[in-house]
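# A structural walkthrough
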Protein chains: 2
Amino acid sequence: MAKEISNAVIRRLPRYYRYLDELLENGTDRISSGDLSKSMHITASQIRQDLNNFGGFGQQGYGYNVQYLHDEIGKILGVDKVHNMIVIGMGNLGQAISRYAHFENLGVKMVGFFDVNPRLKDNLIRDIPIRMMDELPSFLKSQRVDMAALTIPRSHAAEVADQLISLGIKGIWNFALVDLEVPDDVVIQNVHLSDSLMELSYNYRMKQISDEK
Amino acid sequence: MAKEISNAVIRRLPRYYRYLDELLENGTDRISSGDLSKSMHITASQIRQDLNNFGGFGQQGYGYNVQYLHDEIGKILGVDKVHNMIVIGMGNLGQAISRYAHFENLGVKMVGFFDVNPRLKDNLIRDIPIRMMDELPSFLKSQRVDMAALTIPRSHAAEVADQLISLGIKGIWNFALVDLEVPDDVVIQNVHLSDSLMELSYNYRMKQISDEK
């Protein structure tokens, strides 16, 4: 793992993990790079090249052992670690993220929920009370927190991100409608649902136009 | 617009739209490609090249008129159109998507909500009752629906997507943890939150390791 791995490969790994997880669920215990290629729409040579970044996992003429490949990619992705995450913003999206139990299978544990709305105070989400934002500094002192999900309006996102970073948070999962500037030692991952929806609408409309021709 | 526009450009357009929207909110009415470049971390020449795909919008020595550029990109993205969308799966994420009023500003109107859980039947979301899945065919006959958001478990996603497509839906916003196979005349856009979270964890962990060195 000393080798520098390109972002493109890293971005494909969760997808491999997802496919392998599905294969396991369907009881498939072995798959050729050709079959994996067909179902994932990635060339077999790309797959071999990707997996070689991590020492490869295949055996000539046998294909990949699904369970082994699944677990090894999982380790690379860190699903066997536990990263503690807090969620800032208990609107609908924040609550959805907070309640999604599957994230724990991926090594991310939701340990705290924060909002500014006093009516939400002490409401329980997965047995954890929603806290007010002014409790954030003392909470972060009393508990190891690695990352924070930001599900708040754009207007407050930069300010809250700065606060989180000043309190030592090094990873931000940003759902706010804005690209945040963060220092070099902080990792940020954006989920811009609006961008995704606009891309869908655009492609939908273009397809309609081209199909009418 | 007859010209073929690359997916990479299309994928950047919502981001331009978002930045311009923010500039408008801050009262900025004019911006140079240099300043836009700095705030978006895209080279000025890339910006000029991107916007030239649509006839360009800049004036030498004046920069871009923010309102005009915003509105024109909005038109390209179709935010001035109305696309009707239904949401399948009224769990936390489905409800979050359904209640997010901002999507209407982007030209997408939520017109129907569906689930299989009878306890949710007739609960109102934005004054629209949640319907049961067996009402889907008659609903789609009585009402124009362009696209569907899928916020259901992976195990049912393929089957429900097939049903939607057979009933005439041509655009799918897929949040299920699986890549769906769709016919050529159907547009699909995936939001894989788990992939995004795994990428964040991985990058977070790598950064921690490299910072410890």
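Up top you'll find the structure we're talking about.
Residues numbered from 1 in each chain as written. Chains lettered and ligands numbered in written order. Predicted model: local features only at pLDDT ≥ 70, side-chain atom pairs only at ≥ 80, totals over all residues. Heavy atoms only, no water.

### Notes on the overall build of chain A
Definition in use: Going along the chain from the N terminus, every DSSP run of H or I of four or more residues is numbered as a helix, and every run of E of two or more is numbered as a strand. Buried residues are those whose accessible area, probed at 1.4 Å on protein chains only, stays under 20% of the maximum for their type, while exposed residues exceed 50% and partly exposed ones sit between those limits. Areas reported here follow the Shrake-Rupley algorithm with a probe of radius 1.4 Å; residue values treat only the protein chains shown as occluding. Counted as positive: Lys and Arg. Counted as negative: Asp and Glu. His and the chain ends are not counted at all. Every charge is mapped to an atom, namely NZ of Lys, CZ of Arg, CG of Asp or CD of Glu.
Looking only at helices and strands, one finds nine helices and nine strands in chain A. Projected onto its principal axes, the C-alpha positions of chain A cover 60 × 50 × 35 Å. By residue count, 53% of the 213 residues in chain A fall in the buried class. Total accessible area on chain A is roughly 10100 Å²; 47% of this is exposed by carbon and sulfur atoms. When the 23 basic and 27 acidic side-chain charges of chain A are each reduced to a single mean position, those positions are 3 Å apart.

### Thoughts on the pattern of salt bridges
For clarity, the threshold we go by: One side-chain nitrogen of Lys or Arg within 4 Å of one carboxyl oxygen of Asp or Glu is enough to make a salt bridge.
Scanning the model with the defined rule gives 28 salt bridges over all chains in all. The salt bridge partner of Arg154 of chain A is Asp21 of chain B, with a shortest N-O separation of 3.3 Å. Taken together, the residues span two chains, with Arg154 of chain A in helix 8 (residues 154-166) and Asp21 of chain B in helix 1 (residues 7-25). Salt-bridge contacts for Lys121 of chain B lead to Glu135 of chain B; the nearest nitrogen and oxygen are separated by 3.3 Å. Separated by 14 residues along the polypeptide, Lys121 of chain B in the loop between strand 4 (108-115) and strand 5 (124-125) and Glu135 of chain B in the loop between strand 6 (128-132) and helix 7 (136-142) bring together distant segments of the chain.

### Here's the deal with empty space enclosed by the protein
Stated formally: Here the term cavity refers to a set of points on a 1 Å grid, laid over the protein atoms alone, in which a 1.4 Å probe fits but cannot get out; the term pocket refers to an open set having protein on both sides within 12 Å along at least five of seven lines, with lining residues being those that place an atom within 4 Å of a point. Grid points are joined across faces, edges and corners, and a volume is the space filled by probe spheres set on the points. Three classes are used: nonpolar for Ala, Val, Leu, Ile, Met, Phe, Trp, Tyr, Cys and Pro, charged for Asp, Glu, Lys and Arg, and polar for all others, with Gly counted as polar.
If you walk through the whole model with that rule in mind, you get one cavity of 30 Å³ or more. In this model, the largest cavity occupies a volume close to 60 Å³. Lining the largest cavity are Tyr17, Arg18, Asp21, His102 and Leu106 of chain A together with Arg154, Leu177, Ser194, Asp195 and Met198 of chain B. When contributions to the lining of the largest cavity are tallied by element, the ones reaching two or more residues are helix 1 (7-25) of chain A together with helix 9 (193-212) of chain B. Of the residues contributing to the lining of the largest cavity, the split by class is four nonpolar, two polar and four charged.

### A short note on the environment of Asp162 of chain B
Residue and element names in this part refer to chain B. Here Asp162 is to be found in helix 8 (residues 154-166). Given the relative accessible area of 47%, Asp162 is considered partly exposed. For the pair Asp162 and Asp134, spaced 28 residues apart in the sequence, the C-alpha separation amounts to 15 Å.

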